[in-house]
Amino acid sequence: FPISVNTDRAAFRTVANETGAKLFENFSAKFNIDAAKIDEILKSANAGFYGIFSVAAQLIWGRDAAFLTAAAEDFAGGKGVRLDFCTDERGCVQADKILRSAMSYALAGANEKLFAFGFFDSLGYFLSDLADERKEDFDVLIFGGAMFSGRKFADLMLKLCKNFDASFSDSFALQAR
């Protein structure tokens, strides 16, 4: 089943209501970032989860997704903060909700490694729940991409995909049947 991740107009949707506008105002003040900078970051992002991670890492730490990945790999705990991964009625992942929850944790002063691991932990649970909900839609579940090549995240996905016969593949980073 395809998953679409679209960052178009995510900044607009982030501030579309009063709560989002207040969050953005507080985040902008603390992290010295304005709407134009967010739009610039969003326009340079690739579609996909790694793109969302890259946007968040740039907004919060002024770094790229590789920094977020390294910080998550260094995390020694078992659970990260819980970011809001969800889809809209068309099945598109709502990047604005992920970014809003990331901005909230950043404002709360979440520990860097705990926060970074939270991106992967939340994504893992989201993908596992989504696969469980839609298991009638596929015969094989295959995860691919650089994010799944990291040992910590790959191990997490194996643990969370317990309802599937999951294994590593030479062709793909992680495969579940």
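Residues numbered from 1 in each chain as written. Predicted model: local features only at pLDDT ≥ 70, side-chain atom pairs only at ≥ 80, totals over all residues. Heavy atoms only, no water.

**Topic: the overall build of the protein chain**
Convention followed: Put simply, DSSP H or I for four residues or longer makes a helix, DSSP E for two residues or longer makes a strand, and each gets a number counted from the N terminus. Relative accessibility thresholds used throughout: buried, under 20% of the residue-type maximum; exposed, over 50%; partly exposed, between the two (1.4 Å probe, protein chains only). Throughout, a residue-residue contact means that at least one pair of heavy atoms, one from each residue, lies within 4.5 Å. Calculation of accessible area relied on Shrake-Rupley with a 1.4 Å probe; when residues are assessed, cover is drawn exclusively from the protein chains displayed.
Scanning the protein chain from N- to C-terminus turns up eight helices and five strands. Counting from the amino terminus, helix and strand elements in the protein chain follow one another as β-α-α-α-α-α-β-α-α-β-α-β-β. The buried share among the 177 residues of the protein chain stands at 46%. Within the protein chain, residue pairs in contact and separated by at least 24 positions form 68% of the contacts whose partners lie at least 6 positions apart. For the protein chain, the computed accessible surface area is about 9,200 Å², with 48% contributed by carbon and sulfur atoms.

**Details of the packing of helix H5 (residues 65–74) against helix H7 (residues 112–133)**
Here is the rule we go by: For helices, the axis comes from a line fit to the C-alpha atoms of the stretch in contact; other axes are also lines fit to C-alpha atoms, and the angle between any two N-to-C directions lies between 0 and 180 degrees. We call two directions roughly parallel when the angle between them is under 35 degrees, roughly antiparallel when it is over 145, roughly perpendicular when it lies between 65 and 115, and oblique otherwise. Each residue gets one of three labels, nonpolar for Ala, Val, Leu, Ile, Met, Phe, Trp, Tyr, Cys and Pro, charged for Asp, Glu, Lys and Arg, and polar for the others, Gly among them.
Contact pair H5 / H7: the axes reach a minimum separation of 7 Å and the direction vectors enclose 105°. Comparing the axis directions of H5 and H7 gives the class roughly perpendicular. Residues Phe67, Leu68, Thr69, Ala71, Ala72 and Asp74 of H5 lie in contact with H7, whose contacting residues are Glu112, Lys113, Ala116, Phe117, Phe119 and Phe120. Here the residues of the contact of H5 with H7 are counted per class, giving eight nonpolar, one polar and three charged.

**Remarks on the packing of aromatic side chains**
Just so we agree on the cut-off: Centres within 6.5 Å are what make two rings of Phe, Tyr or Trp a pair, Trp counting through its six-membered ring; a difference in plane orientation under 30 degrees is then read as stacked, over 60 as edge-to-face, and the rest as tilted.
For the structure shown, the criterion picks out 13 aromatic pairs. Measuring from ring centre to ring centre gives 5.2 Å for Phe53 and Phe119, while their planes differ by 70°; the resulting arrangement is edge-to-face. Of this pair, Phe53 sits in helix H4 (residues 49–61) while Phe119 sits in helix H7, placing them 66 residues apart in sequence. Using a relative accessible area of 0% as the deciding quantity, one classes Phe53 as buried. Accessibility expressed as a relative area gives 0% for Phe119, which makes it buried. Ring plane angle 80° and centroid distance 5.1 Å describe the contact between Phe53 and Phe120, whose orientation is recorded as edge-to-face. Here the residue Phe53 occupies a position in helix H4, and Phe120 occupies one in helix H7, the gap between them amounting to 67 residues. Of the two residues examined, Phe53 and Phe120, each falls in the buried class. One aromatic cluster is present, built from ring pairs that chain together Phe49, Phe53, Trp61, Phe67, Phe85, Tyr105, Phe115, Phe119, Phe120, Phe126 and Phe153.

**Describing the pattern of salt bridges**
Pairs may arise between side chains of opposite charge once their charged atoms sit close together. To keep things clear, this is the line we draw: Salt bridges, as used here, are contacts in which a Lys or Arg side-chain nitrogen is within 4 Å of a carboxyl oxygen on Asp or Glu.
For the coordinates displayed, the defined rule picks out five salt bridges. Two residues, Arg100 and Asp96, come together in a salt bridge whose shortest N-O distance is 3.6 Å. Taken together, the residues span about one helical turn, with Arg100 and Asp96 both in helix H6 (residues 95–108) at a distance of four residues. By the burial criterion, Arg100 is buried, and Asp96 matches it.

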